[in-house]
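Coordinate inspection notes
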Number of protein chains: 2
Amino acid sequence: MSSPITIYGDSSSGNSLKVKFVCDKLNRPYRWVETSVVKKETRTPAFLAMNPVGQVPVILLADGTPLAQSNAIMLHLAEGSDLVPQDALARALVMQWLFWEQYGHEPAIAVLIFHKAHLKKPAHEINPELLPKSESALNVMEQHLSQRSYFVADRLTLADIALVAYTRKAPDAGIDLARWPAVRAWVARIETDLGLSSYVA
Amino acid sequence: MSSPITIYGDSSSGNSLKVKFVCDKLNRPYRWVETSVVKKETRTPAFLAMNPVGQVPVILLADGTPLAQSNAIMLHLAEGSDLVPQDALARALVMQWLFWEQYGHEPAIAVLIFHKAHLKKPAHEINPELLPKSESALNVMEQHLSQRSYFVADRLTLADIALVAYTRKAPDAGIDLARWPAVRAWVARIETDLGLSSYVA
């Protein structure tokens, strides 16, 4: 499990950074190939041959096989480590939050960040459903974290890494995390666990 | 792994049916509690106490713990069976397709089916992006299946079960699968493997 991998990622993409966070946490060697979404480097024929969906991150495994989808990549890299519980119930709950992150959280918060901070769209061109959906996702997180320090099993797992990737950047979407104090405290906790400096300076 | 579980599901929801398909395939006993999305039975205080996200399916494990997210539930129930490969690469590819199903497929095709066939919305009230996104997802599937009989490892896995749940119902969204012949042949193959009668009579 320690052969070097190649990561095609965009440094401004939370989904891409998830993979970096896991590699850094597990001291796994990797080569990072910067691949800009805004410059459409994910839409070249060479990139689409790796991932027909045209999205980062993609990793190349040691045998050259491409693997896409950030949470699938994290699971592949972290299986057998403390980041993925062995206990069947804790494991199932990690999976539950990983799927929710991609279904209920990322399509709201990450998309709002992308349109506001990266594409710099004026407010009237941004889908008005994105902000209430983002707030609703943060409400779900706040309720869960009001009784816990981590999402599952009272310790750092992939559920926290997946969810922190875009939550810490919520201010880029104009969302002040002060309204969700348990979420804000958890973001700081996970940043510390991952050895990251605070995103909100 | 053979203690009975309780499934809260809506029989018209592909996400709910995925869990039934896996239980039936693995001969796992279960109790089905019909929970209607349209009648807002997923928004009652009792249901929200199980799943604050307010979505079916939810299962109750033998010890009473609720577990949400269809693909996380399938993984929990099928771990150790032939539906989840043991080989690390095949396993990673199953995860890749499970996450793509919830990120790139379900939010297009399932939502279009729901608005057209269940809410019976008139055409002008339906988000015009849903049809091209659905067609794009089917194009990705067609390209992959043009060279294979199953999504991963040349045999039935959870990747096929997750993806067939709404793909077979695409005609309910006004999508004729004849334009995607490899997808159509694969739907018939998976329906046979799961002992289902053809959805498109």
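Residues numbered from 1 in each chain as written. Chains lettered and ligands numbered in written order. Predicted model: local features only at pLDDT ≥ 70, side-chain atom pairs only at ≥ 80, totals over all residues. Heavy atoms only, no water.

Another point: the interface of chain A and chain B. Each partner contributes residues to the interface: chain A has 31 residues there, and chain B has 31 residues. By the criterion of area lost to chain B, the three top residues of chain A are Gln 69, Phe 99 and Tyr 103 of chain A, representing 27% of everything that side buries. Linking chain A to chain B there are 0 salt bridges. Among the elements of the structure, strand E4 (66-68), helix H3 (70-78), helix H4 (88-118) and helix H5 (130-145) of chain A are those that each provide at least two residues to the side of chain A that touches chain B. Here the side of chain A that touches chain B takes 14 residues from H4 of chain A, the largest share from any one element. Residues of the side of chain A that touches chain B, tallied by class, amount to 19 nonpolar, 8 polar and 4 charged. (Contact = heavy atoms within 4.5 Å. Buried area = accessible area lost by both parts, 1.4 Å probe. Salt bridge = Lys/Arg side-chain N within 4 Å of Asp/Glu carboxyl O. Helix = DSSP H or I, 4+ residues; strand = E, 2+ residues; numbered from the N terminus. Nonpolar A, V, L, I, M, F, W, Y, C, P; charged D, E, K, R; others polar.)

Quick look at the pairing of strand E1 (residues 5-9) of chain B now. Residues and elements named next belong to chain B. For E1, the tally of buried residues reaches 5 of 5 residues, placing the bulk of the element in the interior. Here E1 shows no split at all, with Ile 5, Ile 7 and Gly 9 on one side and Thr 6 and Tyr 8 on the other all buried. Bridge count between E1 and strand E2 (residues 30-34): 5 bridges; the pairing is parallel. For Tyr 8, the partnering residue across the bridge sits in E2 and is Val 33. On the question of chirality, the crossover connecting E1 to the parallel E2 by way of helix H1 (residues 14-25) is right-handed. Two elements, E1 and strand E3 (residues 58-60), share 3 bridges in a ladder whose sense is antiparallel. In the sheet register, Tyr 8 faces E3, and the bridge partner there is Val 58. (Buried < 20%, exposed > 50% of the residue type's maximum accessible area, 1.4 Å probe, protein only. Pairing = 2+ DSSP bridges. Right-handed = clockwise from strand over helix to strand, strands pointing away.)

In this section: the sheet that holds E1 of chain B. Residue and element names in this part refer to chain B. With respect to topology, 4 strands assemble into an open sheet ordered E2-E1-E3-E4, the strand pairing being mixed. Of all the strands in the sheet, just E2 and strand E4 (66-68) have a single pairing partner and so form its edges. On average, each strand axis in the sheet is inclined to that of its neighbour by 25 degrees, with strand direction left out of account. Sheet strands in contact with helix H3 (residues 70-78) are E1, E3 and E4, and its direction is about 120 degrees off that of E4. (Axes fitted to C-alpha atoms, helices over the stretch in contact; angles between N-to-C directions.)

Within the largest apolar cluster, 120 residues are counted, with the highest numbers of intra-cluster contacts made by Leu 158 and Trp 186 of chain A together with Leu 158 and Trp 186 of chain B. Among residues more than four places away in sequence, those in contact with Trp 186 of chain B are Met 141, Leu 145, Ser 149, Tyr 150, Phe 151, Asp 160, Leu 163, Val 164 and Thr 167 of chain B. (Core = buried A, V, L, I, M, F, W, Y, C linked by side-chain atoms within 4.5 Å.)

Turning our attention to the packing of H1 of chain B against helix H6 (residues 158-167) of chain B. Residues and elements named next belong to chain B. The contact between H1 and H6 brings their axes to 8 Å, and the two run at 140 degrees. With respect to each other, H1 and H6 are oriented oblique. Handedness of the crossing formed by H1 with H6: right-handed. Judged by residue contacts, Gly 14, Asn 15, Lys 18, Phe 21 and Val 22 of H1 engage Leu 158, Ile 161, Ala 162, Ala 165 and Tyr 166 from H6. Its residues placed into classes, the contact of H1 with H6 shows 7 nonpolar, 2 polar and 1 charged. (Parallel < 35°, antiparallel > 145°, perpendicular 65-115°, else oblique. Left-handed = near helix turned anticlockwise from the far one by under 90°.)

Okay, H3 of chain B next. Residue and element names in this part refer to chain B. Within H3, 9 of the 9 residues are buried, leaving the element largely enclosed by the surrounding structure. Among all positions of H3, only Ser 70, Asn 71, Ala 72, Ile 73, Met 74, Leu 75, His 76, Leu 77 and Ala 78 are buried. One or two steps after H3, the chain reaches Gly 80, where phi turns positive at roughly 95 degrees.

Our focus in this paragraph is helix H7 (residues 181-193) of chain A. All names here are of chain A. Its 13 residues place the ends of H7 18 Å apart at the C-alpha level, agreeing with the 18 Å of an ideal helix rising 1.5 Å per residue. Looking at the buried residues of H7, the elements they touch are H5 and helix H6 (158-167). Immediately downstream of H7, the backbone of Gly 195 shows phi near 70 degrees, a positive value. (Expected span 1.5 Å × (residues − 1).)

Another point: the domain arrangement of chain A. Residues and elements named next belong to chain A. Looking at chain A, the domain boundaries give domain 1 (5-78) and domain 2 (88-193). The straight-line distance from the C-alpha centre of domain 1 to that of domain 2 is 21 Å. Looking at the side of domain 1 facing domain 2, the largest losses of area belong to Phe 21, Asn 71 and Leu 75, adding up to 29% of the total buried there. The tally of links between domain 1 and domain 2 comes to 1 salt bridge. (Domains from an automatic or database assignment.)

Turning next to the packing of aromatic side chains. Residues and elements named next belong to chain A. Within the structure shown, the criterion is met by 7 aromatic pairs over all chains. Between Trp 97 and Phe 151 the ring centres are 4.8 Å apart and the planes differ by 65 degrees, which places this aromatic pair in the edge-to-face class. Of the two residues, Trp 97 sits in helix H4 while Phe 151 sits in the loop between H5 and H6, which places them 54 residues apart along the sequence. The pair formed by Trp 97 and Phe 151 is uniform in burial state, with each residue classed as buried. Through a chain of ring-to-ring contacts, the aromatic side chains of Trp 97, Trp 100, Phe 151 and Trp 186 assemble into a single cluster. (Phe/Tyr/Trp six-rings, centres within 6.5 Å; stacked < 30°, edge-to-face > 60°.)

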